[in-house]
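Architecture and fold: a report
What follows is each chain in one-letter form.
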Amino acid sequence: MSFFAKLTQGQRITFYICRIKQSLMIVITGAYGFIGSVLCGALNEKGLTDLILVDDFSKDYKKQNLDNKQFVEKIERSYFGYWFENNAEKVDFVIHIGARTDTTEFDVDVFNKLNLNYSKTIWQICSENRIPLIYASSAATYGGGELGYDDNHEVVFDLRPLNPYGESKNDFDKWALSQNMTPPHWYGLKFFNVYGPNEYHKGRMASVVFHAFNQIKETGGMKLFRSHRPDFKDGEQLRDFVYVKDVVNVILWLKDNLPQSGLYNLGTGKARTFLDLARNTFKAMNKEENITFIDTPEDIRDKYQYFTEANMSKLRAAGFSEKFHTLEEGIADYVGNYLMRNRFF
């Protein structure tokens, strides 16, 4: 008699439940990109390989982001809505990272298509099929920070983002908060300034750490934007820089713990200056500091944020207690283990 035949009915049910839990089917949109590919690798490290990866896979320059990653299937972004409608019963969780993230793009139609309407489709299918959803919002929703950086829902409708990208993210947050029909658990993550491995392809939109490393490597110096406001000295503009490994840890924690649904900030809660960032990059490269200042480009000057800092009390109150990398720790790991070696996560 086989092992399975010897099991009681209750034991067989338990066996099936364990099988289901071990083979969680997770959809990751934006999987070819920066955060999505690191997330894929982190899930693999936890033994999760039943992954459906969604993106525009025609861009070969992103190919190395998925090298050595394990997954079930890759689905083209343009086809995913149809696929999801017809395969929702197979999906246990959706992590929607994919978006148009260029803050210098001003074609509103592009953002409406890729950030707003595409996200609505995913939300609606998750809601109808009771599938938990994590999606990428952005700190760009906070605009110039006139109303602070608190992730309470009351302020969302009063926020005034500085560019169409931020507007598209805030428009979706507002839409999500207005819905009566929602996924059983949902989390909109307001990413602050994320940096780390697998952003080689991002060009102008890559992190300041990435650009600092390459400038220092090529020229021996680093150029920072000078301040165009009297209340900030050159290089002392402040941002909440958060390491991509911490971003992924939060996503995994939300998936496993399912706290109260809603919008959550995702930064470190500690703003640091661009001078701090540049100096730590020189240090990680074992190079002598050589920092100069240039004018902020005119096309972004009037929409440039001088201070961002995530209020992280909501996520902490929900139970997330892990430590974030300091800027020093994050840059040392990123530069030393990835950029200097041209490695991917």
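Before going into details, it helps to say that this report is about the structure given with it. (Residues numbered from 1 in each chain as written. Predicted model: local features only at pLDDT ≥ 70, side-chain atom pairs only at ≥ 80, totals over all residues. Heavy atoms only, no water.)

1. Digging into the pattern of salt bridges
Pairs may arise between side chains of opposite charge once their charged atoms sit close together. Applying the stated rule across the entire model yields 11 salt bridges. Residue Arg226 pairs with Asp295 through a salt bridge whose shortest N-O separation is 2.8 Å. In this pair, Arg226 is assigned in the loop between strand 8 (222–225) and strand 9 (238–239) and Asp295 in the loop between strand 13 (291–294) and helix 9 (298–301), connecting sequence segments 69 residues apart. Look at Asp295 and you get partly exposed, because its relative accessible area is 42%. Here Asp256 and Lys255 are joined by a salt bridge, their closest N and O atoms 2.6 Å apart. Connected through salt bridges with shared partners, the residues Arg272, Asp276 and Glu328 form a single ionic network. (Salt bridge = Lys/Arg side-chain N within 4 Å of Asp/Glu carboxyl O. Helix = DSSP H or I, 4+ residues; strand = E, 2+ residues; numbered from the N terminus. Buried < 20%, exposed > 50% of the residue type's maximum accessible area, 1.4 Å probe, protein only.)

2. Concerning the sheet that holds strand 2 (residues 51–55)
Overall, parallel pairing links the 7 strands, which are arranged 3-2-1-4-5-6-11 in an open sheet. On the outer flanks of this sheet lie strand 3 (73–76) and strand 11 (262–266), each paired with one strand and no other. Strand-to-strand twist in this sheet, taken as the mean axis angle between neighbours without regard to direction, amounts to 20 degrees. Here strand 4 (residues 93–96) runs beside strand 5 (residues 133–138); their pairing, made up of 3 bridges, is parallel. In the strand pairing of strand 5, Val94 is matched with Leu133. Lying over the sheet, helix 3 (residues 77–87) contacts strand 1 (26–29), strand 2, strand 3 and strand 4, oriented at roughly 110 degrees with respect to strand 3. Strands strand 1, strand 4, strand 5, strand 6 (186–191) and strand 11 of the sheet are contacted by helix 7 (residues 244–257), whose axis makes an angle of about 170 degrees with strand 6. (Pairing = 2+ DSSP bridges. Axes fitted to C-alpha atoms, helices over the stretch in contact; angles between N-to-C directions. Contact = heavy atoms within 4.5 Å.)

3. Considerations on unusual backbone geometry
For residues that are not glycine, phi is negative in most cases, and the peptide bond is trans in most cases. A positive phi angle is found at Leu258, which is not glycine, with a value near 50 degrees. Leu258 gets classed as partly exposed once you look at its relative accessible area, which sits at 30%. Positioned with a positive phi, Asn342 is a non-glycine residue whose angle comes to about 55 degrees. Its place among the elements puts Asn342 in the segment after helix 11 (327–339).

4. Quick notes on the pairing of strand 1
Of the two faces of strand 1, the one carrying Ile26 and Ile28 and the one carrying Val27 and Thr29 are both buried. Of the strand pairs in this sheet, strand 1 and strand 2 are connected by 4 bridges, and their pairing is parallel. Directly across from Ile28, in strand 2, lies its bridge partner Leu53. In terms of handedness, the path from strand 1 via helix 2 (residues 34–45) over to strand 2 forms a crossover that is right-handed. Sheet topology note: the strand 1/strand 4 ladder contains 4 bridges and is parallel. Along strand 4, the bridge assignment pairs Ile28 with Ile95. (Right-handed = clockwise from strand over helix to strand, strands pointing away.)

5. Examining the side chain of Gln237
Position of Gln237 among the secondary structure elements: in the loop between strand 8 and strand 9. In terms of polar contacts, Gln237 uses its side chain to reach the backbone carbonyl oxygen of Phe225, at 3.1 Å. Each residue touching Gln237, except ones within four places of it in the same chain, is listed here: Phe225, Arg226, Ser227, Phe232, Arg272, Thr273, Phe274, Tyr304 and Tyr306. (Polar contact = N/O pair within 3.5 Å; in protein donor to acceptor, adjacent residues only side chain to side chain.)

6. Re the packing of helix 2 against helix 7
At a minimum axis distance of 10 Å, the contact between helix 2 and helix 7 shows a crossing angle of 60 degrees. With respect to their mutual orientation, helix 2 and helix 7 come out oblique. Of the two elements, helix 2 crosses helix 7, and the hand of that crossing is right-handed. Between helix 2 and helix 7, the contacting residues are Phe34, Ile35, Val38, Leu39, Ala42 and Leu43 on the first element and Val244, Val247, Val248, Ile251, Leu252 and Lys255 on the second. Along the lines of polarity and charge, the residues of the contact of helix 2 with helix 7 split into 11 nonpolar, no polar and 1 charged. (Parallel < 35°, antiparallel > 145°, perpendicular 65-115°, else oblique. Left-handed = near helix turned anticlockwise from the far one by under 90°. Nonpolar A, V, L, I, M, F, W, Y, C, P; charged D, E, K, R; others polar.)

7. Overview of the packing of aromatic side chains
In the structure shown here, the tally under the stated rule is 25 aromatic pairs. Ring geometry for Trp123 versus Trp175: centroids 5.8 Å apart, planes at 75 degrees, classification edge-to-face. In this pair, Trp123 sits in helix 4 (residues 108–128) while Trp175 sits in helix 5 (residues 164–177), placing the two residues 52 residues apart along the sequence. Each member of the pair, Trp123 as well as Trp175, is classed as buried. Judged by centre distance (5.9 Å) and plane angle (75 degrees), the ring pair of Phe225 and Tyr304 falls under edge-to-face. (Phe/Tyr/Trp six-rings, centres within 6.5 Å; stacked < 30°, edge-to-face > 60°.)

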